[in-house]
Amino acid sequence: MKQTKHLLSFLLAFGLFQSALTAQQQPNILFIFTDDHCEQALSAYDPSRISTPNMDRLANEGMRFTRCYVTNSICGPSRAVIQTGKYSHINGFFRNGLSFNGDQQTFPKLLQKAGYQTAVVGKWHLESTPQGFNHYDVLVGQGPYYNPPMITRGYDGEPVTLPNTGYTTDVITDKTLAWLKTDRDPDKPFMLMFQHKAPHRDWKPGPKYLNWLDDVTIPEPETLWDDYSGRTQSAARQAMEIKTHMTARDLKLEPRGNLNEEQWTHWNAAYKEKNEAYLAALPNMTEKEIIQWKYQRYVKDYLRCVKSVDDGIGRVLDYLDENGLTENTVVIYSSDQGWYLGEHGWFDKRWMYEESLKTPLMVRWPGVVKAGSVRDEIVSNLDFAETFLSIANIKIPDDMQGRSLEPLFRGRNPENWREAFYYHYYENPGGHNVSRQYGVTDGRYKLIHFYHLENEEIDDWELFDLEKDPNELHSVYGDPQYSKIQKQKHTQLNRLRKKYEVPEVDPVFNRRRRS
Ligand code: CA
């Protein structure tokens, strides 16, 4: 009996030692991801419009990146890049509305194979059923802001769509917490993707924040009144201006949607009077005043959506704290791309211009990442898959196109870090009529080629000196003063297109002019 006890305590001690070792070698990964959340609405980056104390915890207790660029600034494609560590022309998901080929190699599959328990909760937006996940519970397509149906694995192993009641941001947070509390296998490391719909269009706030910011005036960006005169035709020909392209739904001037009785009562109490006052004043308002009203309505609703996301992140971080998970969990925060909060008069994304090229990136990894550190290297969503594998001590497949950020996390200065970045957007014809474009940037200079707009082939080039013209209002392409830089950028662009195996001819659509 005594011997058995000894043996048992030996085994227990050995077992604990084993799991401690595994835990250290394979930390948990919590990937917090939002949709269309820009740095201008995250106080660790820019405190002028909103305070996001829970997101800021990650920057204060971890590392913040100032130049995280996306390869293709649009929802679905960004997610496919993250799944695969490959550009759109390799992973096949060029534009929204396609169905992701989930049979290809993805990082969740590799983590799962290496012993991780994997889960994704919230927005998926890749159409095909998630593969490589022990658990999935995802929105149908974009998903609504209230009462979202969600798809999960049924008892028979097949996907089943189930109804939910409540504000979608809170529903996703509750489900994430429920998975951590009840479904997580404590004997395995986990990789959990906690992915919000918010603050995607049409920016519907949750019940808690419907009246928040009512008495505040949000500052207008410098470029709200941009007339697009300093660039080629594409900037002027888009359809994403606050002035012209916001719908009654965007502006909360249309009725109900899918809100239930109780939700509608709160909603009406928040908007009805304000809307009536606006509509009564409208005949006497100048064009400028109308744009300013729309801007305030839009940005406040966007910020209200962000606020609920921040609350949810706080609840999940608190759960990690209260359950001894903080120390051994790498928490990464990012969004699928940046966004225009009125810059250039716009909402939406897609452009290679700064606001939509950049996305927030913060990481907390206690004992590894130095608290409060900031890195300015060019990093990308192309690097996320490689980074997750590297964190888990898994070999990065040679065919992935990015690079692990782990050395940067560890405060190292890896050799030959990328000095220039390749961007490519394909969705035209498409929403908001943003020209197909590709280009290169090194953070100081940016060269963009616009090549297809409304079924026409075009051949427009823009070059920006971001130090002298950070708002990208004046292209200097063709300016003799920049001829040397222009030539260098063309060479760099060609080199990167070769390196990443970008097809000479756009693979998405037939590029011939339609008759
Ligand atoms: Ca998005």
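Residues numbered from 1 in each chain as written. Predicted model: local features only at pLDDT ≥ 70, side-chain atom pairs only at ≥ 80, totals over all residues. Heavy atoms only, no water.

### A look at the nonpolar core
- Judged by nonpolar contacts, the single largest core of 63 residues is most densely connected at Tyr-298, Tyr-302 and Met-362.
- For this core, the elements supplying multiple residues, two or more each, are strand 1 (28-34), helix 2 (53-60), strand 4 (117-122), helix 6 (168-183), strand 8 (190-195), helix 9 (261-281), helix 10 (287-322) and strand 9 (329-335).
- Counting residues per element, this core draws most heavily on helix 10, at 14 residues.
- Each of two domains, domain 1 (26-203 + 302-418) and domain 2 (227-298), supplies a minimum of three residues to this core.
- Those residues in contact with Tyr-302 that sit more than four places away from it in its chain are Asp-36, His-37, Cys-38, Ala-41, Pro-199, Trp-203, Trp-339 and Leu-341.
- Core analysis: the next-biggest nonpolar cluster, separate from the first, contains 43 residues, Val-81, Tyr-423, Val-434 and Tyr-451 among them. (Core = buried A, V, L, I, M, F, W, Y, C linked by side-chain atoms within 4.5 Å. Buried < 20%, exposed > 50% of the residue type's maximum accessible area, 1.4 Å probe, protein only. Helix = DSSP H or I, 4+ residues; strand = E, 2+ residues; numbered from the N terminus. Domains from an automatic or database assignment. Contact = heavy atoms within 4.5 Å.)

### As for the coordination of the calcium ion
- The calcium ion binds to the protein through Asp-35 (OD), Asp-36 (OD), Cys-75 (SG), Asp-336 (OD), Asp-336 (OD) and Gln-337 (OE1), with metal-donor distances spanning 2.2 to 2.7 Å.
- Note that the calcium ion binds six donor atoms; their angles at the metal cover 52 to 161°, and the shape is irregular.
- The sequence motif formed by the donor residues of the calcium ion is D-D-x38-C-x260-D-Q. Note that Asp-36 is positioned in the loop between strand 1 and helix 2 and Gln-337 in the loop between strand 9 and helix 11 (354-357), a separation of 301 residues in sequence.
- Classification of Asp-36 by relative accessible area gives buried; the value is 0%.
- Assessed through its relative accessible area of 0%, Gln-337 is described here as buried. (Donors = N, O, S within 2.8 Å, 3.2 Å for Na, K, Ca; no water. Tetrahedral: all angles 85-135°; square planar, octahedral: opposite > 155°, others 65-115°.)

### Observations concerning the environment of Asn-428
- Locating Asn-428 in the fold gives a position in the loop between strand 13 (421-425) and strand 14 (436-441).
- Along the backbone, Asn-428 and Asn-455 are 27 residues apart, and their C-alpha atoms lie at a distance of 7.8 Å.

### A word on the packing of aromatic side chains
- Per the stated rule, a full pass over the model turns up 34 aromatic pairs.
- With centroids separated by 6.3 Å and ring planes inclined at 90°, the aromatic side chains of Tyr-146 and Trp-267 adopt a geometry described as edge-to-face. Taken together, the residues span a long stretch of sequence, with Tyr-146 in the loop between strand 5 (135-139) and strand 6 (150-153) and Trp-267 in helix 9 at a distance of 121 residues.
- Each residue in the set Tyr-228, Tyr-340, Trp-346, Trp-351, Tyr-353, Phe-450 and Phe-464 is aromatic and connected to the rest through ring pairs, giving one cluster.
- For Arg-497, the ring lying beneath its charged end belongs to Tyr-438, and the centroid distance is 4.2 Å. (Phe/Tyr/Trp six-rings, centres within 6.5 Å; stacked < 30°, edge-to-face > 60°. Lys NZ or Arg CZ within 6 Å of the ring centre and 35° of its normal.)

### A short note on the sheet that holds strand 13
- The strand order across the open sheet formed by four strands is 13-14-15-16, and the pairing between neighbours is antiparallel. The two strands at the open ends of the sheet, each matched to only one other strand, are strand 13 and strand 16 (456-465). Here the average twist between neighbouring strands, direction ignored, is 10°.
- The sheet contacts of helix 14 (residues 483-499) involve strand 13, strand 14, strand 15 (445-453) and strand 16, and relative to strand 14 the element is tilted by about 110°. (Pairing = 2+ DSSP bridges. Axes fitted to C-alpha atoms, helices over the stretch in contact; angles between N-to-C directions.)

### Notes on the packing of helix 9 against helix 10
- Put simply, helix 9 and helix 10 touch, their axes get as near as 12 Å, and they point 165° apart. When the axis of helix 9 is compared with that of helix 10, the two are roughly antiparallel. Seen from above, helix 9 lies across helix 10 with left-handed handedness. Of the residues in helix 10, those touching helix 9 at Tyr-271, Lys-274, Asn-275 and Tyr-278 are Ile-290, Trp-293, Lys-294, Arg-297, Asp-301 and Arg-304.
- Partitioned by chemical class, the residues of the contact of helix 9 with helix 10 number four nonpolar, one polar and five charged. (Parallel < 35°, antiparallel > 145°, perpendicular 65-115°, else oblique. Left-handed = near helix turned anticlockwise from the far one by under 90°. Nonpolar A, V, L, I, M, F, W, Y, C, P; charged D, E, K, R; others polar.)

### Notes on the domain arrangement of the protein
- Looking at the assigned domains, one finds that the protein contains domain 1 (26-203 + 302-418), domain 2 (227-298) and domain 3 (422-499).
- For domain 1 and domain 3, the distance between their C-alpha centroids amounts to 28 Å.
- Facing 25 residues of domain 1, the contacting portion of domain 3 comprises 28 residues.
- Between domain 1 and domain 3 the total buried area reaches about 2200 Å² when both faces are included, carbon and sulfur atoms providing 58% of it.
- The largest share of the area that domain 1 buries against domain 3 comes from Arg-350, Met-352 and Tyr-353, three residues that together contribute 35% of it.
- A salt bridge links Glu-354 to Lys-446; its shortest N-O distance comes to 2.8 Å.
- Of all the secondary structure elements, the ones that give two or more residues to the side of domain 1 that touches domain 3 are helix 4 (88-91) and helix 11.
- At three residues, helix 11 tops the list of elements feeding residues into the side of domain 1 that touches domain 3.
- Considering only residue class, the side of domain 1 that touches domain 3 consists of 11 nonpolar, seven polar and seven charged. (Buried area = accessible area lost by both parts, 1.4 Å probe. Salt bridge = Lys/Arg side-chain N within 4 Å of Asp/Glu carboxyl O.)

### So, the sheet that holds strand 11 (residues 373-375)
- Taken in spatial order, the 10 strands of this open sheet run 7-6-5-4-8-1-9-10-2-11, and their pairing is mixed. Each of the sheet's edge strands pairs with one partner strand only, and the pair in question is strand 7 (159-162) and strand 11. Going across the sheet, the axis of each strand differs from the next one's by a mean of 15°, ignoring polarity.
- Packed onto the sheet, helix 2 meets strand 2 (63-65), strand 9 and strand 10 (361-364) and runs at close to 70° relative to strand 10.
- Helix 6 rests against strand 4, strand 5, strand 6 and strand 8 of the sheet, and its axis sits at about 165° to strand 8.

### What about helix 6?
- For helix 6, built from 16 residues, the straight-helix expectation of 22 Å at 1.5 Å per residue is met to within 8% by its first-to-last C-alpha distance of 21 Å.
- Turning to helix 6, its buried residues are Thr-168, Thr-169, Val-171, Ile-172, Thr-173, Thr-176, Leu-177, Trp-179 and Leu-180.
- Of the surrounding secondary structure, the elements contacted by the buried residues of helix 6 are strand 4, strand 5, strand 6, strand 8 and helix 10. (Expected span 1.5 Å × (residues − 1).)

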